Each structure stands twice: as structure tokens, then as C-alpha cells.
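# An overview of the molecular structure
Chain by chain, the residues run as shown.
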Amino acid sequence: EFSLVFTVGLYLNVIRSTTCMVLRYQNQGAFMSQWTWFLIPISVGLMQPVIWQMTLQLSKRVGDMPASVILHFIGAMAGAILVWGGLRGGNGEWVNIPWWAWFGGVIGVCCLWLLNMTVPKIGIAPFMAFLVASQLIGGLLFERFGWLGAEMRAIHWSHFLGVVFLTFGAYL
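Let us look at the structure shown here. (Residues numbered from 1 in each chain as written. Predicted model: local features only at pLDDT ≥ 70, side-chain atom pairs only at ≥ 80, totals over all residues. Heavy atoms only, no water.)

### Description of the side chain of T55
The cut-off we apply is this: Numbering goes from the N terminus for both helices and strands, where a helix is a DSSP run of H or I of at least four residues and a strand is a run of E of at least two. The classification of residues rests on relative accessible area computed with a 1.4 Å probe and restricted to protein chains. Under 20% of the type maximum is buried, over 50% is exposed, and intermediate values are partly exposed. It only takes one pair of heavy atoms within 4.5 Å for two residues to be counted as in contact.
One can find T55 in helix α3 (residues 39–62). By relative accessible area, T55 is classed as buried at 2%. Residue contacts for T55: discarding those within four places in its chain leaves A67, L71, L112, L115 and N116.

Here it is, written out as C-alpha cells:
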């Protein structure tokens, strides 16, 4: 019980610290150094195993898809509170949003549902490794071809070689 409370507390403090830092800079219009931005994906990455364990515990009790829906609903409520509290971003342009941009939540619910079914079968570490490898492949392709409005960037063979090594390491 202590290790659970300690772990969740530690992770919540990492997220809180990172969020406060970003909000401070965002609200003041101040510049964040380049290295500081790397703390955000590191914080999010560190939270993933915690979130997944919480999700799996809920999934064991209510079922895979209901757990996914419940967690997305709770997340939407938390997001609404943050928006009502003044956290905005963007330019408030609701009219010109592409039709397909509204379906990210559907994809998120389905991905969490699939996670709930898969992690108990293969484990968290292999799931994360293959997830990260496939996200890297997707990210490289999106940036190479500019899919769904992604900023186009040059992709080198070394990027794909890195993904191959990561995937091979996940297999081992």
C-alpha cells in the first residue's frame, strides 16, 4: 500500500511540477529554453505505466470498453475544469476546424480499450516498447508526407534505423 501511494504521489508531483512550469511560461508569454520542452514528453512518458495500471484495475472490475469510456469521461471533465479555469491556448477559431479533427476522442477510446485487452496478455514493458516504436514510425511518416496538416520535415534513413533497433529491442 505504501509503495502505491508513494509511486502515485511521486508521479503526480512530476506532472504537477511540469504543468506549473509550462503554465507559468505560457501565461507570462516568457520564453522556455529548448531543453525545458523535453521535460514534457519525459513527464508524460513516466506517467504512462501509472495510468495504464490504474486503467487495468478499473478494466478488471467493469470491463475493457466501459473502463475506457469512464476514464475518457473523467478526463473530459478534468479538461473542462482547466478550460473554465482559464487554460486555453490556440486562437479560439472554432469555425474552420476540419471535420476529421473531431474524431480524436473516438480513436483515444478505442486505443485505451485495446490497451486494456492487450497489456494483461503481453505485459506493460513490451506493450510500451511496441507502442513507442509504432508511434515513431507513424510520426516519421506524418512528418515526411505532411499528413493531416503535420509540418513536413526531412526524414533520413538513420531515423528508421533507430526505430528498427527499438523494435528489435522490444522483441528481445
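### A short note on the environment of W147
Its location among the elements puts W147 in the loop between α6 (124–145) and α7 (157–171). Residue W147 is classed as partly exposed on the basis of its relative accessible area of 40%. Excluding residues within four positions of it along the chain, W147 makes contact with L141 and F142.

### Observations concerning the nonpolar core
Put simply, the rule is: Side-chain atoms within 4.5 Å link the members of a nonpolar core, which is a set of buried Ala, Val, Leu, Ile, Met, Phe, Trp, Tyr and Cys residues.
One finds W52, L56, L112, L115, V119 and F127 forming the largest nonpolar core, which totals 6 residues. Elements with a minimum of two residues in this core: α3 and α5 (104–122). Top element by residues in this core is α5. It accounts for 3 residues. If we skip the residues at most four places from it in the chain, L112 touches T55, S68, L71 and H72.

### What to know about the packing of α5 against α6
The following threshold applies: Convention adopted: a line fitted to C-alpha atoms gives each axis, helices being fitted over their contacting stretch, and angles between N-to-C directions are expressed from 0 to 180 degrees. Throughout, the term roughly parallel applies to angles under 35 degrees, roughly antiparallel to angles over 145, roughly perpendicular to angles from 65 to 115, and oblique to all others.
Where α5 contacts α6, the axes come no closer than 7 Å and their chain directions differ by 125°. Taken together, the axes of α5 and α6 are oblique relative to one another. When α5 is examined against α6, the residues L115, T118, V119 and I122 are found in contact with a partner set consisting of I124, P126 and F127.

### Brief notes about the packing of aromatic side chains
Filter applied, for reference: Each aromatic pair joins two rings of Phe, Tyr and Trp (for Trp, the six-membered one) with centres within 6.5 Å, and gets the label stacked for planes under 30 degrees apart, edge-to-face for over 60, and tilted for any other angle.
In the structure shown here, the tally under the stated rule is 4 aromatic pairs. An aromatic cluster is built from F142, F145 and W147, whose rings are joined through pairwise contacts.

### Section: the packing of helix α4 (residues 64–84) against α5
Cut-off, in case you're wondering: Less than a right angle of anticlockwise turn of the near helix away from the far helix marks a crossing as left-handed, whereas a clockwise turn marks it as right-handed. Three classes are used, and their members are as follows: Ala, Val, Leu, Ile, Met, Phe, Trp, Tyr, Cys and Pro are nonpolar, Asp, Glu, Lys and Arg are charged, and the others, Gly among them, are polar.
At a minimum axis separation of 8 Å, α4 and α5 run at an interaxial angle of 135°. It follows from the interaxial angle that α4 and α5 lie oblique. For the element pair α4 and α5, the recorded crossing hand is right-handed. For the pair α4 and α5, contact is made by D64, M65, A67, S68, V69, L71 and H72 and by G105, G108, V109, L112, W113, N116 and M117, respectively. Split by residue class, the contact of α4 with α5 holds 8 nonpolar, 5 polar and 1 charged.

### Details of α5
For clarity, the cut-off: Any helix carries an expected span of 1.5 Å times its number of residues minus one. Bend, at a single residue, is the angle you get between axes fitted to the 7 residues ending at that residue and the 7 residues starting at it.
With 19 residues, α5 should cover 27 Å at 1.5 Å per step; its first-to-last C-alpha distance of 26 Å lies within 8% of that length. Maximal helix bending in α5 amounts to about 25°, located at N116; proline P120 follows within four positions. What α5 keeps buried is the set V109, L112, L115, N116 and V119. Count one or two residues on from α5 and you reach G123, which has phi positive near 100°.

### Quick notes on unusual backbone geometry
Phi is positive for L148, which is not a glycine, with a value near 50°. Within the secondary structure layout, L148 lies in the loop between α6 and α7. L148 gets classed as exposed once you look at its relative accessible area, which sits at 55%.

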